[in-house]
Amino acid sequence: MEWRISAAGSDGFATISMRGDCDLYAAPAFAADVIARIRAGSKRIRLDFSAVAYLDSSGVGAVIRILQAAKAAQAEIRVRGLSGSPRKVMIMSNVISLLKEDPAEGRPR
Amino acid sequence: MRAPIVRKLIVDEGNELFDARGMRCLAFPSDFSRIREYASTVLTDCPESFREDNLLEQQLSEIIKNAVKHGNRCDRTRIVRVWFDLRKRARFIVEDEGEGFADLEAWNDFYRKRQLALHDQDFERFLSLASYRGPRSGEEDGGNSLVAALEYWNGGMIFNTKKNKVGVVRWFPGGSGAVAPASRKEVP
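Quick look at the structure, then. (Residues numbered from 1 in each chain as written. Chains lettered and ligands numbered in written order. Predicted model: local features only at pLDDT ≥ 70, side-chain atom pairs only at ≥ 80, totals over all residues. Heavy atoms only, no water.)

**Some points on the side chain of Asp48 of chain A**
Residue and element names in this part refer to chain A. Rules: Strands are runs of DSSP state E lasting at least 2 residues, helices are runs of H or I lasting at least 4, and numbering of each runs from the N terminus. Throughout, exposure labels follow a simple rule: accessible area from a 1.4 Å probe, protein chains only, divided by the maximum for the residue type, with under 20% read as buried, over 50% as exposed, and the rest as partly exposed. Counting of polar contacts relies on pairs of N or O atoms within 3.5 Å, with two restrictions inside protein: one atom must be capable of donating a hydrogen and the other of accepting it, and residues adjacent in sequence are counted only when both atoms are side-chain atoms.
Locating Asp48 in the fold gives a position in strand β3 (residues 44–55). The class of Asp48 is buried, set by a relative accessible area of 5%. Within the local environment of Asp48, its side chain forms a polar contact with the side chain of Ser50, the two groups lying 2.5 Å apart.

Following this line, the structure appears as structure tokens:
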């Protein structure tokens, strides 16, 4: 999985867009990168899952660790684009209720 | 208010889920870098209707990962055996050569507290409980694979007494998916 960060938009949220499989091989490095950004002072981050077709428990764990780091740093995390099986995995893991979701890009709010 | 749903991991050595008669079996070395490949191999002839995008492969990968990582400690000389039957439903037995899931009851307790926090809409407490840390857990372990597994394996998820072997079943909406698309025949 690759990910890239976009500069903060008008709402103050920087978007991290993932592409590929958020799985046991990629998720630990992804979590470490995002958590480092939070600890470095990023206060508003949006995780964009639009191009993620596969999410496993390591990906779920990564999101939980990011949320925990954000809580400790009083930062805010939003997610966008969770659909298909990644969304089902979040639901089955009972983590979906922790997520503040934005509408998919291009959809009206 | 509805009571919270609290499922449990169960130990039942004599459960019919461990009856491997008629099941195919593959054995894999405990190579962490090949876990998803192993799951994909097992599902080579899987009916499309069972795959549900890639949920089946993902859930099977989780069980194989637990066997490779936590059971066999990624020791490539240790084998993970996977029995599988993809007729009518997806049924698997996965066995490792490790010491067994000693933290099973502790995990059940963690899960119960987590579900109660969710039921109480106490998200602060839920977030603090969102990851399980057992004596052997690593930084990246959170117990989430088992939370989802209890939801996904709707026909049961049972451990043997030693807890190094798990049997799981998933039934699918619409009944049998026993006929793979490649061999499916249209009935006029």
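**Topic: the packing of helix α1 (residues 27–39) of chain A against helix α2 (residues 57–73) of chain A**
Residues and elements named next belong to chain A. What counts here: In this analysis an axis means a line fitted to C-alpha atoms, helices contributing only their contacting stretch, and an angle means the value between N-to-C directions, from 0 to 180 degrees. Relative orientations are named as follows: roughly parallel for angles under 35 degrees, roughly antiparallel for angles over 145 degrees, roughly perpendicular for angles from 65 to 115 degrees, and oblique for any other angle. By the convention used here, residues are in contact when the closest approach between their heavy atoms is within 4.5 Å. Gly counts as polar in this scheme, as do all residues outside two lists: the nonpolar Ala, Val, Leu, Ile, Met, Phe, Trp, Tyr, Cys and Pro, and the charged Asp, Glu, Lys and Arg.
Between α1 and α2, the shortest axis-to-axis distance is 9 Å and the interhelical angle comes to 10°. Put simply, α1 runs roughly parallel to α2. Contacts between α1 and α2 involve Ala27, Pro28, Phe30, Ala31, Val34, Ile35 and Ile38 on the former and, on the latter, Ser58, Gly59, Ala62, Arg65, Ile66, Ala69, Ala70 and Ala73. Per-class residue counts for the contact of α1 with α2 are 12 nonpolar, 2 polar and 1 charged.

**Concerning the packing of helix α4 (residues 104–119) of chain B against helix α6 (residues 144–152) of chain B**
All names here are of chain B. It is at 11 Å that the axes of α4 and α6 come closest, and there the two elements cross at 75°. Comparing their axes, α6 and α4 come out roughly perpendicular. Residues Trp107, Tyr111 and Arg114 of α4 touch α6, and the partners they reach there are Asn144, Leu146, Val147, Leu150 and Glu151. Taken together, the residues of the contact of α4 with α6 sort by class into 5 nonpolar, 1 polar and 2 charged.

**Here's the deal with the packing of aromatic side chains**
Residue and element names in this part refer to chain B. For clarity, the cut-off: Pairing of aromatic rings covers Phe, Tyr and Trp, the last through its six-membered ring, and needs centres within 6.5 Å; plane angles under 30 degrees mean stacked, over 60 mean edge-to-face, and all others mean tilted. Definition used: whenever NZ (Lys) or CZ (Arg) falls within 6 Å of the ring centre and also within 35 degrees of the ring normal, the charge is taken to sit over that ring.
In this structure the tally under the stated criterion is 9 aromatic pairs over all chains. Ring plane angle 15° and centroid distance 4.4 Å describe the contact between Phe28 and Tyr38, whose orientation is recorded as stacked. Here Phe28, found in strand β2 (residues 24–29), pairs with Tyr38, found in helix α1 (residues 35–42); they are 10 residues apart in sequence, far enough to count as distant. Take Tyr38: its relative accessible area is 2%, and that puts it in the buried class. Both rings, one in Tyr152 and one in Trp153, keep their centres 4.7 Å apart while their planes meet at 85°; by these two values the pair is edge-to-face. Of the residues examined, Tyr152 reaches a relative accessible area of 1% and is grouped as buried. For Trp153, a relative accessible area of 3% puts it in the buried group. Among the aromatic residues, those joined into a ring-pair cluster are Phe92, Tyr152 and Trp153. Above the ring of Trp83, the side-chain terminus of Lys165 is found at 5.5 Å from the ring centroid.

Without other data, these values stay purely geometric and don't point to any function.
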